[in-house]
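# Geometric and topological summary
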Amino acid sequence: MPPHDPSWLTDFLAGDRRALSRAITLVENEGPAAADVLAAIRGHLGQALTIGFTGPPGAGKSTLVNAFVRVQRERGRTVGVVAVDPSSPVTGGAILGDRIRMTGHSGDRGVFVRSLASRGHLGGLSRSAVRVIDCMDASGLDIVVIETVGAGQSEVEIAEVADIKVVVAAPGLGDDVQAIKAGILEIADILVVNKGDHPLSAQTARYLKTMVGMQDRDPPTEVMRTTATTGQGVEALADQVDLLGRHRRDAAPMTRNRRLLVRAAQDLLRLRLAQADPEDIDVLARQLLAGEKTVENAALELVRQILEDPS
Ligand SMILES: Nc1nc2c(ncn2[C@@H]2O[C@H](COP(=O)(O)OP(=O)(O)OP(=O)(O)O)[C@@H](O)[C@H]2O)c(=O)[nH]1
Ligand SMILES: [Mg+2]
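All values reported here derive from a predicted model rather than from experimental measurement.

Looking now at the overall build of the protein. Of regular secondary structure, the protein possesses 13 helices and 7 strands. A total of 311 residues make up the protein; the buried ones form 33% of that total. Within the protein, contacts between residues at least 6 apart in sequence are counted, and of these 72% link residues at least 24 apart.

Here it is as C-alpha cells:
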C-alpha cells in the first residue's frame with residue numbers, strides 16, 4: 001500500500017482493527033505520516049466514552065480492567081484498552097506483555113488492547129498516549145479504558161482525557177491511602193477499594209467514605225468495593241460508570257467539545273510553531289538577549305506572528 005493511499009484510513013474510521021493498529025503505530029512514532037492520521041480523525045473524536053483507571057502499583061487495576069471489560073462485552077459494547085506503564089530503563093517495554101494480562105479477551109474482535117511503554121516527561125500521559133486514545137475513539141470503539149499508575153502528574157492528565165475517572169485503591173490504611181489523600185481524591189468520580197476479599201477492605205471503604213464526605217464535590221465521589229479476581233462488585237461498578245456516562249452526555253455536552261476545541265488549538269499552535277521561520281524567532285531572541293523585551297512580550301509577539309502568517 002503506498003503511503004498516500006487514503007483507503008486504509010477509511011477502513012480505520014470504519015473500525016477495521018488492522019487499520020487501527022497501523023494508525024496507532026504511526027501516531028506513536030510521531031513521523032510524517034502521523035499528520036495524515038491526525039487529519040483523518042479530527043472530525044471523528046468524542047464518540048467513545050473514555051474511562052481512566054488509576055491508582056497505586058499493585059492495587060489490582062489491570063485485573064479490574066480485565067473484569068470490567070468482560071462486563072462491558074456482555075453488555076454488547078466494543079472496548080479499547082490503553083495501558084500506560086512507567087518505562088523502565090532496564091526492561092523497556094519488554095515486561096509489558098506479562099503485565100497486561102488480557103487473556104480472557106484474546107481472540108475477541110470486540111476488544112482492542114494496546115500497551116504503551118513510555119510516559120510523558122513529567123510522568124503523565126505522553127502526547128502520543130493521548131493520540132492512541134483518540135485513534136481508538138475515532139475507530140468507533142464504544143468505550144476506551146486507560147490504565148495508568150497513579151504517580152503524581154498522571155492523575156491530572158488522566159482527568160483531561162477521561163470522561164470518567166476511577167481511582168483504584170487496595171485495602172489498608174497505609175501509604176496507598178496517604179497517596180490517595182494527597183490529591184487523587186479530587187479527580188475521582190468513583191473510588192474503588194479493590195481486593196474485597198482482604199480483611200481490611202470494609203474498614204478502608206468506610207474510612208474513604210468519611211473522607212469523601214468531607215469533600216465539596218458535585219456529584220460526590222462514589223466509594224465502591226470490588227474483588228477483581230472473582231468479579232464481585234464489577235457489575236455494580238459498570239452500572240455506576242454507565243450512569244455517570246449518561247449524565248456526562250446529557251448534562252454536559254459542552255465539556256467534551258470544550259476539551260476537543262482546546263486540544264485542537266494546542267495542536268494548531270504547536271504545528272505553526274514547528275513551521276515558523278527560524279529567522280523570525282531569532283529576531284525576537286536577539287531582542288530578548290538585548291533586554292528590549294520580556295519573555296512574555298516576545299512570546300506573545302511570536303504567537304501573533306505565526307497565527308497571522310497565512311502560509
Ligand atoms: N486477593 C485479591 N488479589 C487481587 C485482586 N485484584 C488483583 N489482585 C492481585 O493483585 C496483584 C496485582 O494486580 P494487578 O492487576 O497487576 O495490579 P495493578 O494495579 O495493575 O498493578 P500495576 O500495573 O503493577 O500497578 C495480582 O497478583 C492480582 O492477582 C483482588 O480482588 N483480590
Ligand atoms: Mg497493571
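In the neighbourhood of ligand 1, 15 residues make up the surrounding shell, with Pro57, Gly60, Lys61, Ser62 and Thr63 lying closest. If one sorts the elements of the shell around ligand 1 by residue count, helix α4 (residues 61-74) sits on top with 3 residues. Residue composition of the shell around ligand 1, grouped by class: 4 nonpolar, 7 polar and 4 charged.

On to the sheet that holds strand β2 (residues 79-84). Hydrogen bonds between backbone groups are what pair the strands of a sheet, and the pairing can be parallel or antiparallel. Strand order in the open sheet formed by 7 strands is β3-β2-β4-β1-β5-β6-β7, with parallel pairing between adjacent strands. Whereas interior strands pair on both sides, the edge strands pair on one side only; in this sheet they are β3 (111-116) and β7 (222-225). Each strand axis lies, on average, 20 degrees off the axis of its neighbour in the sheet, ignoring direction. Bridging between strand β5 (residues 164-169) and strand β6 (residues 190-193) involves 4 bridges; their strand directions are parallel.

Running from amino to carboxyl end, helix α2 (residues 17-29) crosses helix α6 (residues 127-138) at an angle of 160 degrees, the nearest separation of the two axes being 9 Å. Overall, the two elements α2 and α6 adopt an arrangement that is roughly antiparallel. α6 is crossed by α2, and the crossing has right-handed handedness. From α2, Leu20, Ala23, Ile24, Val27 and Glu28 reach across to α6, where they touch Ser128, Arg131, Val132 and Cys135. Class assignment for the residues of the contact of α2 with α6 results in 6 nonpolar, 1 polar and 2 charged.

What follows deals with unusual backbone geometry. Asp218 connects to Pro219 through a cis peptide bond whose omega is 0 degrees. Relative to the helices and strands, Pro219 is located in the loop between α9 (201-213) and β7. The phi angle at Glu30 is positive, at roughly 55 degrees, despite the residue not being glycine. As for its placement among the helices and strands, Glu30 is situated in the loop between α2 and α3 (34-41).

Analysis parameters
- Residues numbered from 1 in each chain as written.
- Chains lettered and ligands numbered in written order.
- Predicted model: local features only at pLDDT ≥ 70, side-chain atom pairs only at ≥ 80, totals over all residues.
- Helix = DSSP H or I, 4+ residues; strand = E, 2+ residues; numbered from the N terminus.
- Buried ≥ 20, exposed ≤ 12 C-beta atoms within 10 Å, placed from the backbone.
- Contact = placed C-beta atoms within 7 Å.
- Near = placed C-beta within 6 Å.
- Nonpolar A, V, L, I, M, F, W, Y, C, P; charged D, E, K, R; others polar.
- Pairing = 2+ DSSP bridges.
- Axes fitted to C-alpha atoms, helices over the stretch in contact; angles between N-to-C directions.
- Parallel < 35°, antiparallel > 145°, perpendicular 65-115°, else oblique.
- Left-handed = near helix turned anticlockwise from the far one by under 90°.

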